[in-house]
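Coordinate inspection notes
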Amino acid sequence: YPTGWLVLAKNESAAKIIDALLDLHRHREFNQTELAKMANVSRQSVANHRELLLSVGVIEEVQNTSRYRFNPESEVSKAIIRLDGAMNAAGLEV
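Residues numbered from 1 in each chain as written. Predicted model: local features only at pLDDT ≥ 70, side-chain atom pairs only at ≥ 80, totals over all residues. Heavy atoms only, no water.

Take the nonpolar core next. Counting residues in hydrophobic clusters, the biggest one holds 19 residues, and the most contacted among them are Ile17, Leu21, Phe30, Leu35, Leu53, Val58 and Ile59. Those elements that provide at least two residues to this core are helix 2 (12–22), helix 3 (32–39), helix 4 (43–55) and strand 3 (68–70). Once residues lying within four places of it in the same chain are set aside, the contact partners of valine 58 are Leu21, Leu53, Arg69, Phe70, Asn71, Ser74, Val76, Ser77 and Ile80. (Core = buried A, V, L, I, M, F, W, Y, C linked by side-chain atoms within 4.5 Å. Buried < 20%, exposed > 50% of the residue type's maximum accessible area, 1.4 Å probe, protein only. Helix = DSSP H or I, 4+ residues; strand = E, 2+ residues; numbered from the N terminus. Contact = heavy atoms within 4.5 Å.)

Below, the structure is given as structure tokens:
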């Protein structure tokens, strides 16, 4: 305890950030402010979760910039994408 899922999505803002990342085009770059706007969370929320998302490979830094991009190839990202697909296939709506 805690489970990996709880570590990743323990805050509503983290879940909103991940949801926004799932909607991005594969190579879309963004900075913290842009991601905050896309996720409808504060810039501070993005800053609070950035290191965790980087450490598990969900996002990656764009070299020589202060920009990031979603990394769909990490194991954690693949699991998130599978979960998203399974929930969508189940026909559950929010």
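Here we take up the side chain of serine 74. Considering the arrangement of structural elements, one finds serine 74 in the loop between strand 3 and helix 5 (75–89). Owing to a relative accessible area of 9%, serine 74 belongs among the buried residues under this scheme. Of the polar contacts made by the side chain of serine 74, one reaches the backbone oxygen of glycine 57; its length is 3.2 Å. Setting aside residues no more than four positions away along its own chain, serine 74 makes contact with Val56, Gly57 and Val58. (Polar contact = N/O pair within 3.5 Å; in protein donor to acceptor, adjacent residues only side chain to side chain.)

This paragraph deals with helix 2. Every buried residue of helix 2 is listed here: Ser13, Ala14, Ile17, Ile18, Ala20 and Leu21. Mapping the buried residues of helix 2 onto a view down its axis gives an arc of 160°, with all of them on the same face. (Arc of directions from axis to C-beta.)

What follows covers the sheet that holds strand 3. One open sheet holds the three strands; their spatial order is 1-3-2, and the pairing between them is antiparallel. Edge positions in the open sheet fall to strand 1 (29–30) and strand 2 (59–61), since each of these has one partner strand only. In terms of strand pairing, strand 1 meets strand 3 through two bridges, oriented antiparallel. Residue pairing in the sheet places phenylalanine 30 in a bridge with tyrosine 68 of strand 3. (Pairing = 2+ DSSP bridges.)

Our next topic: the packing of helix 2 against helix 3. Running from N to C, helix 2 and helix 3 cross one another at 95°; their axes reach a closest spacing of 8 Å. As far as their axial angle goes, helix 3 and helix 2 are roughly perpendicular. Touching Lys16, Ile17, Ala20 and Leu21 of helix 2 are Leu35, Met38 and Ala39, all from helix 3. The residue makeup of the contact of helix 2 with helix 3, split by class, is six nonpolar, no polar and one charged. (Axes fitted to C-alpha atoms, helices over the stretch in contact; angles between N-to-C directions. Parallel < 35°, antiparallel > 145°, perpendicular 65-115°, else oblique. Nonpolar A, V, L, I, M, F, W, Y, C, P; charged D, E, K, R; others polar.)

Glancing now at the environment of asparagine 71. Within the secondary structure, asparagine 71 sits in the loop between strand 3 and helix 5. Residues asparagine 71 and leucine 54, spaced 17 residues apart in sequence, show a C-alpha to C-alpha distance of 9.4 Å.

With that settled, the discussion passes to the pattern of salt bridges. Scanning all chains against the criterion turns up seven salt bridges. Close ionic contact of arginine 67 with glutamate 29 constitutes a salt bridge, the shortest N to O distance being 3.8 Å. With arginine 67 in the loop between strand 2 and strand 3 and glutamate 29 in strand 1, this residue pair connects regions lying 38 residues apart in the sequence. Its relative accessible area of 24% is what places arginine 67 among the partly exposed residues. (Salt bridge = Lys/Arg side-chain N within 4 Å of Asp/Glu carboxyl O.)

Honestly, it's all geometry; don't read function into it.
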